[in-house]
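# Structure assessment
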Amino acid sequence: MTKTTASAPVLSPRALNRATLDRQLLLRRSGLSAKAAVGHLLGLQAQNVKPPYYALAARLDGFAPEELSELMADREVVRIVTMRSTIHTHTAEDCLALRPLVQPARDRELINFRKGLQGVDLDRLAVLARELVEAEPRTMKQLREALLTEWPDADPQALAIAARCKLPLVQVTPRGLWGRSGQVALTTAEHWLGRPTEPGSTEPGSTEPIPTPTPDATVLRYLAAFGPASVKDMQTWAGLTRLRDAFERLRPRLRTFRDENGVELFDLPDAPRPAEDTPAPPRFLPEFDNLLLSHADRTRVVPQEYWGRSWQGNQAYCTLLVDGFLAGVWKLTGDTLVVEPFGRLTKAQQNDVTAEGQRMLATLHPGTPYDIRFGTVVGG
(Lines give C-alpha, C1' and ligand atoms only; values in the text may rest on other atoms or scores of the structure.)
Protein backbone atom coordinates (compact mmCIF):
# COMPACT_ATOMS: atom_id res chain seq x y z
CA MET A 1 0.00 0.00 0.00
CA THR A 2 1.41 3.41 -0.96
CA LYS A 3 1.43 6.36 1.40
CA THR A 4 -1.22 8.06 -0.74
CA THR A 5 -3.48 5.01 -0.63
CA ALA A 6 -3.00 4.62 3.13
CA SER A 7 -4.25 8.17 3.72
CA ALA A 8 -7.33 7.81 1.51
CA PRO A 9 -10.73 7.52 3.24
CA VAL A 10 -11.98 3.98 3.83
CA LEU A 11 -15.30 2.87 2.36
CA SER A 12 -17.02 -0.05 4.07
CA PRO A 13 -18.77 -2.78 2.06
CA ARG A 14 -22.14 -1.19 2.91
CA ALA A 15 -20.93 2.23 1.77
CA LEU A 16 -19.72 0.70 -1.50
CA ASN A 17 -23.01 -1.16 -1.80
CA ARG A 18 -25.11 1.98 -1.48
CA ALA A 19 -22.92 3.95 -3.87
CA THR A 20 -23.07 1.20 -6.48
CA LEU A 21 -26.81 0.72 -6.11
CA ASP A 22 -27.31 4.45 -6.62
CA ARG A 23 -25.25 4.43 -9.82
CA GLN A 24 -27.11 1.29 -10.94
CA LEU A 25 -30.53 2.96 -10.50
CA LEU A 26 -31.44 0.40 -7.83
CA LEU A 27 -31.83 2.58 -4.72
CA ARG A 28 -34.84 4.27 -6.26
CA ARG A 29 -36.41 3.85 -9.67
CA SER A 30 -35.24 6.35 -12.25
CA GLY A 31 -37.27 8.43 -14.66
CA LEU A 32 -34.71 7.87 -17.43
CA SER A 33 -35.90 6.57 -20.77
CA ALA A 34 -34.96 3.00 -21.64
CA LYS A 35 -32.37 4.20 -24.17
CA ALA A 36 -30.81 6.65 -21.72
CA ALA A 37 -30.65 3.95 -19.06
CA VAL A 38 -28.99 1.44 -21.40
CA GLY A 39 -26.42 4.11 -22.22
CA HIS A 40 -25.83 5.12 -18.60
CA LEU A 41 -25.36 1.48 -17.57
CA LEU A 42 -22.93 0.90 -20.46
CA GLY A 43 -25.11 -1.91 -21.72
CA LEU A 44 -27.13 -4.75 -20.24
CA GLN A 45 -26.15 -8.41 -20.05
CA ALA A 46 -28.14 -10.18 -22.75
CA GLN A 47 -27.00 -13.79 -22.87
CA ASN A 48 -30.70 -14.61 -23.04
CA VAL A 49 -33.51 -12.51 -24.53
CA LYS A 50 -35.43 -11.56 -21.38
CA PRO A 51 -32.74 -10.33 -18.93
CA PRO A 52 -32.44 -6.79 -20.37
CA TYR A 53 -36.18 -6.31 -19.91
CA TYR A 54 -36.09 -7.53 -16.31
CA ALA A 55 -33.01 -5.41 -15.65
CA LEU A 56 -34.82 -2.24 -16.74
CA ALA A 57 -38.05 -3.19 -14.95
CA ALA A 58 -36.07 -3.22 -11.69
CA ARG A 59 -34.52 0.18 -12.40
CA LEU A 60 -36.97 2.43 -14.24
CA ASP A 61 -40.20 4.10 -13.21
CA GLY A 62 -42.96 3.55 -15.72
CA PHE A 63 -40.96 1.12 -17.85
CA ALA A 64 -42.88 -1.01 -20.35
CA PRO A 65 -41.10 -3.83 -22.22
CA GLU A 66 -42.38 -2.51 -25.53
CA GLU A 67 -40.17 0.56 -25.06
CA LEU A 68 -36.96 -1.46 -25.27
CA SER A 69 -38.39 -3.75 -27.93
CA GLU A 70 -39.22 -0.79 -30.17
CA LEU A 71 -35.71 0.61 -29.73
CA MET A 72 -34.34 -2.72 -30.88
CA ALA A 73 -36.72 -2.91 -33.85
CA ASP A 74 -35.71 0.64 -34.83
CA ARG A 75 -32.00 -0.30 -34.54
CA GLU A 76 -31.39 2.24 -31.78
CA VAL A 77 -30.15 -0.57 -29.53
CA VAL A 78 -28.49 -3.81 -30.62
CA ARG A 79 -27.30 -7.15 -29.25
CA ILE A 80 -23.58 -7.76 -29.74
CA VAL A 81 -20.66 -9.56 -28.05
CA THR A 82 -18.61 -7.00 -26.13
CA MET A 83 -17.45 -7.11 -22.51
CA ARG A 84 -16.17 -10.42 -21.16
CA SER A 85 -16.94 -12.09 -24.52
CA THR A 86 -20.63 -12.04 -23.65
CA ILE A 87 -23.68 -10.68 -25.44
CA HIS A 88 -24.82 -7.24 -24.32
CA THR A 89 -27.63 -4.96 -25.33
CA HIS A 90 -26.04 -1.60 -26.20
CA THR A 91 -27.17 1.64 -27.71
CA ALA A 92 -26.12 1.93 -31.33
CA GLU A 93 -23.62 4.60 -30.30
CA ASP A 94 -22.03 2.36 -27.66
CA CYS A 95 -21.98 -0.59 -30.02
CA LEU A 96 -19.83 1.47 -32.37
CA ALA A 97 -17.65 2.89 -29.59
CA LEU A 98 -17.17 -0.08 -27.24
CA ARG A 99 -16.73 -2.92 -29.71
CA PRO A 100 -13.42 -1.56 -31.08
CA LEU A 101 -12.27 -0.85 -27.51
CA VAL A 102 -12.62 -4.51 -26.51
CA GLN A 103 -11.01 -5.81 -29.72
CA PRO A 104 -7.81 -6.80 -27.84
CA ALA A 105 -9.90 -9.24 -25.79
CA ARG A 106 -11.41 -10.69 -28.97
CA ASP A 107 -7.89 -11.11 -30.36
CA ARG A 108 -6.85 -13.00 -27.20
CA GLU A 109 -9.95 -15.17 -27.47
CA LEU A 110 -8.79 -16.30 -30.91
CA ILE A 111 -5.62 -17.74 -29.38
CA ASN A 112 -7.77 -20.41 -27.69
CA PHE A 113 -8.85 -21.68 -31.13
CA ARG A 114 -5.52 -21.50 -32.97
CA LYS A 115 -5.27 -25.30 -33.22
CA GLY A 116 -8.49 -25.43 -35.23
CA LEU A 117 -7.43 -22.47 -37.39
CA GLN A 118 -4.10 -23.76 -38.67
CA GLY A 119 -3.61 -22.66 -42.26
CA VAL A 120 -6.47 -20.15 -42.08
CA ASP A 121 -5.74 -16.62 -43.31
CA LEU A 122 -7.71 -14.64 -40.69
CA ASP A 123 -7.72 -11.43 -42.71
CA ARG A 124 -9.19 -13.26 -45.71
CA LEU A 125 -11.67 -14.99 -43.37
CA ALA A 126 -12.83 -11.58 -42.14
CA VAL A 127 -13.35 -10.37 -45.72
CA LEU A 128 -15.30 -13.49 -46.72
CA ALA A 129 -17.38 -13.49 -43.54
CA ARG A 130 -18.26 -9.84 -44.04
CA GLU A 131 -19.39 -10.52 -47.61
CA LEU A 132 -21.53 -13.43 -46.40
CA VAL A 133 -23.33 -11.71 -43.53
CA GLU A 134 -23.81 -8.43 -45.38
CA ALA A 135 -25.35 -10.24 -48.34
CA GLU A 136 -27.92 -11.63 -45.88
CA PRO A 137 -27.91 -12.29 -42.13
CA ARG A 138 -26.47 -15.72 -41.36
CA THR A 139 -26.75 -18.09 -38.43
CA MET A 140 -23.54 -19.41 -36.91
CA LYS A 141 -24.32 -22.76 -38.54
CA GLN A 142 -24.65 -21.15 -41.97
CA LEU A 143 -21.47 -19.17 -41.39
CA ARG A 144 -19.57 -22.31 -40.39
CA GLU A 145 -20.73 -24.22 -43.44
CA ALA A 146 -19.90 -21.40 -45.85
CA LEU A 147 -16.42 -20.83 -44.43
CA LEU A 148 -15.74 -24.56 -44.34
CA THR A 149 -15.87 -24.67 -48.15
CA GLU A 150 -12.84 -22.36 -48.17
CA TRP A 151 -10.97 -24.14 -45.36
CA PRO A 152 -12.26 -27.75 -45.29
CA ASP A 153 -9.55 -28.92 -42.89
CA ALA A 154 -10.26 -26.29 -40.24
CA ASP A 155 -12.45 -26.76 -37.19
CA PRO A 156 -15.94 -25.50 -38.18
CA GLN A 157 -16.71 -24.01 -34.77
CA ALA A 158 -13.36 -22.21 -34.70
CA LEU A 159 -14.08 -20.67 -38.11
CA ALA A 160 -17.38 -19.17 -36.93
CA ILE A 161 -15.86 -17.92 -33.68
CA ALA A 162 -13.00 -16.35 -35.64
CA ALA A 163 -15.55 -14.45 -37.72
CA ARG A 164 -17.26 -13.23 -34.54
CA CYS A 165 -13.93 -12.14 -33.09
CA LYS A 166 -12.70 -10.38 -36.22
CA LEU A 167 -15.96 -8.63 -37.05
CA PRO A 168 -18.51 -6.66 -34.97
CA LEU A 169 -21.44 -9.01 -35.54
CA VAL A 170 -24.86 -7.99 -34.22
CA GLN A 171 -27.92 -10.17 -33.80
CA VAL A 172 -30.67 -8.98 -36.12
CA THR A 173 -34.31 -8.77 -35.12
CA PRO A 174 -36.74 -10.39 -34.44
CA ARG A 175 -34.20 -11.93 -32.03
CA GLY A 176 -34.38 -9.93 -28.81
CA LEU A 177 -37.85 -8.46 -29.31
CA TRP A 178 -40.31 -8.78 -26.41
CA GLY A 179 -42.86 -11.52 -26.94
CA ARG A 180 -41.28 -12.60 -30.22
CA SER A 181 -39.02 -15.48 -31.07
CA GLY A 182 -36.28 -15.80 -33.61
CA GLN A 183 -33.05 -17.68 -34.12
CA VAL A 184 -29.72 -15.90 -33.84
CA ALA A 185 -28.84 -14.42 -37.24
CA LEU A 186 -25.87 -12.12 -37.65
CA THR A 187 -24.70 -9.24 -39.76
CA THR A 188 -22.09 -6.53 -39.20
CA ALA A 189 -22.82 -3.54 -37.01
CA GLU A 190 -21.84 -1.25 -39.89
CA HIS A 191 -24.36 -2.89 -42.21
CA TRP A 192 -27.18 -3.05 -39.65
CA LEU A 193 -26.71 0.51 -38.41
CA GLY A 194 -25.60 2.08 -41.69
CA ARG A 195 -22.58 3.59 -39.96
CA PRO A 196 -18.86 2.68 -40.00
CA THR A 197 -16.97 1.47 -36.94
CA GLU A 198 -13.38 1.35 -38.16
CA PRO A 199 -11.15 4.08 -36.68
CA GLY A 200 -10.01 6.41 -39.47
CA SER A 201 -13.16 5.91 -41.57
CA THR A 202 -15.73 8.68 -41.84
CA GLU A 203 -19.43 8.77 -41.09
CA PRO A 204 -21.79 9.52 -44.01
CA GLY A 205 -22.00 13.29 -44.51
CA SER A 206 -18.93 13.96 -42.37
CA THR A 207 -15.32 14.72 -43.19
CA GLU A 208 -14.09 13.96 -39.67
CA PRO A 209 -12.51 10.50 -39.26
CA ILE A 210 -13.73 8.23 -36.50
CA PRO A 211 -11.14 8.53 -33.70
CA THR A 212 -9.20 5.57 -32.41
CA PRO A 213 -10.96 4.51 -29.19
CA THR A 214 -9.16 5.13 -25.91
CA PRO A 215 -10.22 3.76 -22.56
CA ASP A 216 -10.15 7.11 -20.73
CA ALA A 217 -13.71 8.17 -21.55
CA THR A 218 -14.96 4.67 -20.80
CA VAL A 219 -13.21 4.71 -17.40
CA LEU A 220 -15.21 7.81 -16.47
CA ARG A 221 -18.45 6.21 -17.64
CA TYR A 222 -17.66 2.96 -15.84
CA LEU A 223 -17.15 4.86 -12.58
CA ALA A 224 -20.42 6.72 -13.13
CA ALA A 225 -22.24 3.39 -13.43
CA PHE A 226 -20.24 1.06 -11.14
CA GLY A 227 -17.97 3.18 -8.93
CA PRO A 228 -16.19 3.64 -6.67
CA ALA A 229 -13.96 0.98 -8.19
CA SER A 230 -10.42 -0.30 -8.51
CA VAL A 231 -8.43 -0.82 -11.70
CA LYS A 232 -9.01 -4.57 -11.36
CA ASP A 233 -12.74 -3.97 -10.99
CA MET A 234 -12.94 -2.26 -14.36
CA GLN A 235 -10.69 -4.86 -15.95
CA THR A 236 -13.09 -7.54 -14.69
CA TRP A 237 -16.06 -5.66 -16.15
CA ALA A 238 -14.46 -5.10 -19.52
CA GLY A 239 -12.53 -8.35 -19.86
CA LEU A 240 -9.47 -6.21 -20.62
CA THR A 241 -6.02 -5.87 -19.09
CA ARG A 242 -3.55 -2.99 -18.75
CA LEU A 243 -6.02 -0.26 -17.80
CA ARG A 244 -3.78 1.14 -15.05
CA ASP A 245 -2.31 3.79 -17.38
CA ALA A 246 -5.77 5.19 -18.14
CA PHE A 247 -6.57 5.53 -14.43
CA GLU A 248 -3.22 7.21 -13.82
CA ARG A 249 -3.84 9.72 -16.60
CA LEU A 250 -7.20 10.51 -15.04
CA ARG A 251 -6.00 10.54 -11.43
CA PRO A 252 -5.90 14.37 -11.18
CA ARG A 253 -9.59 14.44 -12.10
CA LEU A 254 -10.66 11.69 -9.70
CA ARG A 255 -11.09 11.13 -5.98
CA THR A 256 -9.45 8.14 -4.35
CA PHE A 257 -10.64 5.93 -1.51
CA ARG A 258 -9.70 2.49 -0.23
CA ASP A 259 -11.70 -0.50 0.82
CA GLU A 260 -11.29 -2.32 4.11
CA ASN A 261 -8.53 -4.46 2.57
CA GLY A 262 -6.52 -1.41 1.53
CA VAL A 263 -7.30 -1.65 -2.20
CA GLU A 264 -7.25 1.74 -3.90
CA LEU A 265 -10.60 2.82 -5.33
CA PHE A 266 -11.21 5.61 -7.82
CA ASP A 267 -14.33 7.70 -8.23
CA LEU A 268 -15.77 10.78 -9.88
CA PRO A 269 -15.54 13.72 -7.48
CA ASP A 270 -19.24 14.61 -7.57
CA ALA A 271 -20.69 11.11 -7.92
CA PRO A 272 -23.30 10.10 -5.32
CA ARG A 273 -22.01 8.19 -2.29
CA PRO A 274 -25.06 7.79 -0.03
CA ALA A 275 -24.80 7.03 3.66
CA GLU A 276 -24.45 3.31 4.31
CA ASP A 277 -27.73 3.26 6.28
CA THR A 278 -29.70 4.56 3.27
CA PRO A 279 -32.69 2.22 2.78
CA ALA A 280 -32.37 -0.16 -0.17
CA PRO A 281 -35.68 -1.74 -1.26
CA PRO A 282 -35.87 -5.32 -2.58
CA ARG A 283 -35.20 -5.82 -6.27
CA PHE A 284 -35.78 -8.77 -8.60
CA LEU A 285 -32.85 -8.99 -11.03
CA PRO A 286 -32.37 -11.29 -14.01
CA GLU A 287 -29.66 -13.89 -14.37
CA PHE A 288 -26.29 -12.42 -15.38
CA ASP A 289 -27.17 -8.90 -14.22
CA ASN A 290 -24.05 -6.75 -14.51
CA LEU A 291 -24.45 -5.57 -10.91
CA LEU A 292 -23.11 -8.97 -9.81
CA LEU A 293 -20.45 -9.38 -12.53
CA SER A 294 -18.65 -6.07 -12.87
CA HIS A 295 -16.18 -5.97 -9.97
CA ALA A 296 -13.18 -8.09 -9.09
CA ASP A 297 -14.34 -7.95 -5.46
CA ARG A 298 -18.07 -8.68 -5.44
CA THR A 299 -18.55 -8.45 -1.68
CA ARG A 300 -20.12 -5.04 -2.14
CA VAL A 301 -23.18 -6.95 -3.39
CA VAL A 302 -22.58 -10.65 -2.69
CA PRO A 303 -22.04 -11.67 0.96
CA GLN A 304 -19.20 -14.16 1.23
CA GLU A 305 -21.48 -16.83 2.70
CA TYR A 306 -23.65 -16.67 -0.44
CA TRP A 307 -20.83 -16.82 -2.96
CA GLY A 308 -21.77 -19.31 -5.67
CA ARG A 309 -25.35 -19.71 -4.45
CA SER A 310 -26.86 -18.09 -7.55
CA TRP A 311 -25.24 -20.73 -9.78
CA GLN A 312 -25.60 -24.47 -10.09
CA GLY A 313 -23.36 -26.06 -12.72
CA ASN A 314 -23.96 -24.08 -15.90
CA GLN A 315 -27.32 -22.79 -14.66
CA ALA A 316 -27.48 -19.17 -13.50
CA TYR A 317 -30.53 -18.16 -11.49
CA CYS A 318 -32.40 -14.88 -11.35
CA THR A 319 -31.37 -13.06 -8.20
CA LEU A 320 -33.09 -11.22 -5.36
CA LEU A 321 -31.65 -8.24 -3.51
CA VAL A 322 -32.76 -7.52 0.05
CA ASP A 323 -31.23 -4.57 1.88
CA GLY A 324 -29.05 -4.06 -1.19
CA PHE A 325 -27.29 -7.44 -1.08
CA LEU A 326 -27.82 -10.79 -2.78
CA ALA A 327 -30.33 -12.57 -0.57
CA GLY A 328 -31.91 -15.27 -2.72
CA VAL A 329 -32.98 -16.48 -6.15
CA TRP A 330 -36.30 -16.62 -7.97
CA LYS A 331 -38.05 -18.10 -10.98
CA LEU A 332 -41.34 -17.93 -12.80
CA THR A 333 -42.84 -21.38 -13.18
CA GLY A 334 -46.28 -21.81 -14.66
CA ASP A 335 -48.49 -19.26 -12.91
CA THR A 336 -46.27 -18.90 -9.84
CA LEU A 337 -43.38 -16.62 -8.88
CA VAL A 338 -41.23 -18.75 -6.59
CA VAL A 339 -38.81 -16.93 -4.29
CA GLU A 340 -36.06 -18.79 -2.43
CA PRO A 341 -34.36 -16.64 0.24
CA PHE A 342 -30.93 -17.88 1.34
CA GLY A 343 -31.55 -16.82 4.92
CA ARG A 344 -34.43 -15.88 7.18
CA LEU A 345 -36.45 -12.83 6.16
CA THR A 346 -38.41 -10.82 8.68
CA LYS A 347 -42.15 -10.52 8.16
CA ALA A 348 -41.66 -6.94 7.01
CA GLN A 349 -39.01 -8.02 4.50
CA GLN A 350 -41.27 -10.78 3.18
CA ASN A 351 -44.04 -8.25 2.69
CA ASP A 352 -41.69 -5.88 0.87
CA VAL A 353 -40.39 -8.69 -1.35
CA THR A 354 -43.95 -9.74 -2.17
CA ALA A 355 -44.92 -6.16 -3.05
CA GLU A 356 -41.86 -5.79 -5.27
CA GLY A 357 -42.66 -9.11 -6.95
CA GLN A 358 -46.19 -7.94 -7.66
CA ARG A 359 -44.84 -4.73 -9.16
CA MET A 360 -42.37 -6.62 -11.37
CA LEU A 361 -45.11 -8.95 -12.61
CA ALA A 362 -47.48 -6.07 -13.32
CA THR A 363 -44.76 -4.34 -15.33
CA LEU A 364 -43.66 -7.28 -17.45
CA HIS A 365 -46.73 -9.53 -17.44
CA PRO A 366 -49.73 -7.22 -17.04
CA GLY A 367 -53.09 -8.92 -16.86
CA THR A 368 -51.60 -12.34 -16.14
CA PRO A 369 -52.46 -13.67 -12.67
CA TYR A 370 -49.54 -15.07 -10.69
CA ASP A 371 -49.24 -16.51 -7.21
CA ILE A 372 -46.17 -15.56 -5.19
CA ARG A 373 -44.76 -18.11 -2.79
CA PHE A 374 -41.56 -18.62 -0.86
CA GLY A 375 -40.19 -22.04 -1.72
CA THR A 376 -37.31 -23.86 -3.44
CA VAL A 377 -35.75 -22.64 -6.69
CA VAL A 378 -32.29 -24.21 -6.69
CA GLY A 379 -32.74 -27.86 -7.51
CA GLY A 380 -36.47 -27.38 -7.43
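Residues numbered from 1 in each chain as written. Predicted model: local features only at pLDDT ≥ 70, side-chain atom pairs only at ≥ 80, totals over all residues. Heavy atoms only, no water.

## Focus on the overall build of the protein chain
Check the secondary structure of the protein chain and you find 15 helices and 14 strands. For 380 residues, the compact-globule estimate of 2.2 N^0.38 gives 21 Å, and the C-alpha radius of gyration of the protein chain, at 22 Å, lies within 12% of that figure. Summarising the internal contacts of the protein chain: among those between residues at least 6 apart in sequence, 65% fall at separations of at least 24. On the protein chain, roughly 17100 Å² of surface is accessible, and the fraction owed to carbon and sulfur atoms is 49%. (Helix = DSSP H or I, 4+ residues; strand = E, 2+ residues; numbered from the N terminus. Rg over C-alpha atoms; globule rule 2.2 N^0.38 Å. Contact = heavy atoms within 4.5 Å. Areas by Shrake-Rupley, 256 points an atom, 1.4 Å probe, with all protein chains shown as cover.)

## A closer look at the sheet that holds strand 4 (residues 169-171)
The antiparallel open sheet is built from five strands, whose spatial order is 1-3-2-4-5. Where the open sheet ends on each side, the last strands, each with one partner, are strand 1 (44-45) and strand 5 (186-188). Pairing geometry for strand 4 and strand 5, over three bridges, is antiparallel. Following the sheet pairing, Gln-171 is matched in strand 5 by Leu-186. (Pairing = 2+ DSSP bridges.)

## Here we look at the sheet that holds strand 11 (residues 318-322)
Strands belonging to one sheet form pairs held by backbone hydrogen bonds; the direction of such a pair is parallel or antiparallel. Taken in spatial order, the five strands line up as 8-11-12-13-14 in an open sheet, and their pairing is mixed. Every other strand in the sheet has two partners, leaving strand 8 (283-285) and strand 14 (371-374) as the edge strands with one partner each. Strand-to-strand, the axes of this sheet are offset by a mean angle of 30 degrees, without reference to chain direction. (Axes fitted to C-alpha atoms, helices over the stretch in contact; angles between N-to-C directions.)

## Topic: helix 13 (residues 231-238)
Listed in full, the buried residues belonging to helix 13 are Val-231, Asp-233, Met-234, Trp-237 and Ala-238. Down the axis of helix 13, the buried set is contained in an arc of 160 degrees. They therefore lie on one face. Positive backbone phi, approximately 75 degrees, marks Gly-239, located one or two places after helix 13. (Buried < 20%, exposed > 50% of the residue type's maximum accessible area, 1.4 Å probe, protein only. Arc of directions from axis to C-beta.)

## Side note on helix 2 (residues 13-23)
Among the eleven residues that make up helix 2, nine are buried, leaving the element largely enclosed by the rest of the structure. Where helix 2 is concerned, the buried positions are Ala-15, Leu-16, Asn-17, Arg-18, Ala-19, Thr-20, Leu-21, Asp-22 and Arg-23. Residues of helix 2 that are buried in the fold lie against helix 3 (34-40), helix 12 (215-226), strand 7 (264-267), strand 11 and strand 12 (325-333). Once helix 2 finishes, Leu-25 follows within two positions and takes phi at roughly 65 degrees, a positive value.

## Describing the pairing of strand 2 (residues 77-81)
Of all five residues making up strand 2, five are buried, and the element is well covered by its neighbours. Of the strand pairs in this sheet, strand 2 and strand 3 (residues 87-91) are connected by five bridges, and their pairing is antiparallel. Residue pairing across strands places Val-77 opposite Thr-91, the latter belonging to strand 3. Following strand 2, the chain reverses through five residues before pairing antiparallel with strand 3; Arg-84 in that reversal takes a positive phi of roughly 55 degrees. In this structure, strand 2 lies alongside strand 4, joined through two bridges in antiparallel fashion. Following the sheet pairing, Arg-79 is matched in strand 4 by Gln-171.

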